Amino acid sequence: PYSISLIKNLPSAEDYLMLSPVHNAVGRNEGGCSYYSRCEKAAEKCAREHPKLAEINGIQRRCFSA
């Protein structure tokens, strides 16, 4: 019952996007990386440019530091 209750109370995809800090990230609207304001490896380039999708060791990433 506990697990079923947790699953029933998960937010919808639309609700999750509105609550997500990534959705409201400063860099997202300025053309930079959407994680810039919370990343410990962020550089000035991250604030200005959106990283391209790259595959590294079979994992797709968007990061200048990856």
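These notes cover the structure that comes with them. Here the residue numbering is sequential within each chain, running from 1 through the sequence in written order. This being a predicted model, a pLDDT of at least 70 is required before a residue's local features are given, and a value of 80 or more before pairs of side-chain atoms are given or counted; all residues contribute to the totals for chains, interfaces and linings. Think of the side-chain values as coming from all heavy atoms in the structure, minus any hydrogens and water.

## Here we look at the overall build of the protein chain
Quick note on the threshold: Where helices and strands are cited, they refer to DSSP runs of H or I of at least four residues and of E of at least two residues respectively, numbered from the N terminus. Partly exposed residues are those whose accessible area sits between 20% and 50% of the maximum for their type, while under 20% is buried and over 50% is exposed, using a 1.4 Å probe and protein chains only. It only takes one pair of heavy atoms within 4.5 Å for two residues to be counted as in contact. Surface accessibility follows the Shrake-Rupley procedure with a 1.4 Å probe radius. Residue values consider only the protein chains on display as shielding.
Along the backbone of the protein chain there are four helices and two strands. Walking the protein chain from its N terminus toward its C terminus, one meets helices and strands in the order α-α-α-α-β-β. Split into buried and exposed, the 66 residues of the protein chain put 14% on the buried side. Contacts spanning at least 24 positions in sequence make up 2% of the contacts within the protein chain whose residues lie at least 6 apart. By element, 55% of the accessible surface of the protein chain is carried by carbon and sulfur atoms, the whole surface being about 5700 Å².

## Thoughts on the pattern of salt bridges
Heads up, the condition is: Salt bridges, as used here, are contacts in which a Lys or Arg side-chain nitrogen is within 4 Å of a carboxyl oxygen on Asp or Glu.
The tally for this structure, following the rule as stated, stands at one salt bridge. In this structure, the salt-bridge partner of Arg48 is Glu44, at a minimum N-O distance of 3.9 Å. Highlighted residues: Arg48 and Glu44, both in helix H4 (residues 44-48), separated by four residues, approximately one helical turn. By the burial criterion, Arg48 is exposed, and Glu44 matches it.

## Focus: unusual backbone geometry
At Asn57, a position not held by glycine, the phi torsion is positive, near 55°. Here Asn57 shows up in the loop between strand S1 (54-56) and strand S2 (59-61). According to the relative accessible area criterion, Asn57 is exposed, its value standing at 76%.

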